[in-house]
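Residues per chain are reported as follows:
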Amino acid sequence: MYKRIVVLTGAGISAESGIRTFRDQDGLWERHHIEDVATPEGYARNKELVEAFYNDRWQQLLSAGVEPNPAHLALARLEKEFDGEFLLITQNIDNLHERAGSFKLIHMHGELVKGRCPQSGQTFLLTEPFGPDHLCTCCIPGQRLRPHVVWFGEMPLGLDRIQFALEECDLFIAIGTSGTVYPAAGFVDTANHHGAHTVEVNLAPPARDSEFQLHLTGKAGEIMPTLVGQILSGEKISGSC
Ligand code: BJW
């Protein structure tokens, strides 16, 4: 039935793995000011505060009990068994998609497990927390590594590839994202405009002005295994998942 699938994931897909979302009750933005921890200006003002924010989240990601859930595993199965083009775009900086077995993956807002040299742009897999002595090895003198994340006002990663895939796809699924942050929030418009079937999976009911053609309300970990089964058996996605 479908030939080219693009999936966009947000914080909601990792909620069942024990990782906090941003804007839900008890989300990260209830405990931290966005301007302080998620902007280049905040980082310039207080590197230690921003480093502590990302060091804590890195430690949490490495902790026992944080594992891919059935939704991550279902998407890895879809990539492996689907007989057409597939691209997974995640806004999440955790590594649960890779740990579930996904390869065709773009981390459009960066990766928690990496630091970046502010001078050369080279990325490094983190082996120790961010701090004044954690320097790059690509420059002389070494530069203090910054989190490899996309803050407000910075350009998301992989946008050319994403735009191409959105224009070509015939199915676009967005899972566990509030649709408040651009450009990701506009992907559904592009997909609709190019004739794709657009489907949203979210714990919350659809917004009144939702652009999605179909909304499936519930937990991603409960909906995605059935949804992937439907796609792989060649069915058009319906509301009966
Ligand atoms: C479940 C569930 C379960 C729970 N199952 N569901 C005015 C208009 C338009 C744009 C702008 C504007 N002013 C400024 C902008 C641009 C700005 C922006 O969008 N601002 C808005 C807030 C208005 N965007 C940018 O600055 C971006 N860059 C940019 O635009 O560059 C210029 C450009 C120009 C032209 C073309 C292209 C680019 C950069 C944005 C960077 C965002 N960075 C962050 C932090 C990253 C690092 C980190 O993690 O710390 O990314 S912010 C944060 O929000 C994070 C997330 O990836 C992102 C999205 O959040 P997400 O994933 O949607 O999470 P939540 O918490 O919001 O939602 C969770 C959802 O899950 C909820 O709906 C729940 O119901 C659901 N859920 N449990 C299913 N079990």
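Predicted model only: the values in this text are computed from it and were never measured.

Trainee: Got a minute to help me understand the overall build of the chain in this structure?
Mentor: From N to C terminus, the chain includes 10 helices and 9 strands. At 18 Å, the chain has a C-alpha radius of gyration in line with the 18 Å of a compact globule built from 241 residues. Residue pairs in contact within the chain that sit at least 24 positions apart in sequence constitute 61% of those at least 6 positions apart. Summed over its atoms, the accessible surface of the chain is roughly 11900 Å², and 51% of this surface lies on carbon and sulfur atoms. With 20 positive and 31 negative side-chain charges, the chain shows a separation of 2 Å between the mean positions of the two kinds.

Trainee: Teacher, can you tell me more about the nonpolar core here?
Mentor: Counting residues in hydrophobic clusters, the biggest one holds 26 residues, and the most contacted among them are I5, I173, I175, M224, I231 and I237. Among the elements of the structure, β1 (4-9), α6 (70-81), β2 (85-90), β7 (171-175), β8 (197-202), β9 (214-217) and α10 (220-232) are those that each provide at least two residues to this core. For this core, the element with the highest residue contribution is α10, accounting for 6 residues. Leave out the neighbours within four places in its chain, and M224 touches A71, A74, L75, I175 and V201. Residues I19, L126, L145 and W151 belong to the second largest nonpolar core, which totals 25 residues.

Trainee: Got a minute to help me understand the sheet that holds strand β4 (residues 110-116) in this structure?
Mentor: Within a sheet, each strand pairs with its neighbour through backbone hydrogen bonds, oriented either parallel or antiparallel. Read across the sheet, 3 strands follow the order β5-β4-β6 without closing on themselves; strand pairing throughout is antiparallel. Both outer strands of the open sheet, β5 (123-125) and β6 (146-149), are each paired with one neighbouring strand and no more. Sheet twist, expressed as the average angle between the axes of neighbouring strands with direction ignored, equals 55 degrees. The pairing of β4 with β5 spans 3 bridges and is classified as antiparallel. Bridged to K114 within β5 is L125. Taken strand by strand, helix α5 (residues 47-62) contacts β4 and β6, and its axis lies near 125 degrees from that of β4.

The rules behind each value
- Residues numbered from 1 in each chain as written.
- Predicted model: local features only at pLDDT ≥ 70, side-chain atom pairs only at ≥ 80, totals over all residues.
- Heavy atoms only, no water.
- Helix = DSSP H or I, 4+ residues; strand = E, 2+ residues; numbered from the N terminus.
- Rg over C-alpha atoms; globule rule 2.2 N^0.38 Å.
- Contact = heavy atoms within 4.5 Å.
- Areas by Shrake-Rupley, 256 points an atom, 1.4 Å probe, with all protein chains shown as cover.
- Lys, Arg positive; Asp, Glu negative; His and termini not counted.
- Charge placed at Lys NZ, Arg CZ, Asp CG, Glu CD.
- Core = buried A, V, L, I, M, F, W, Y, C linked by side-chain atoms within 4.5 Å.
- Buried < 20%, exposed > 50% of the residue type's maximum accessible area, 1.4 Å probe, protein only.
- Pairing = 2+ DSSP bridges.
- Axes fitted to C-alpha atoms, helices over the stretch in contact; angles between N-to-C directions.

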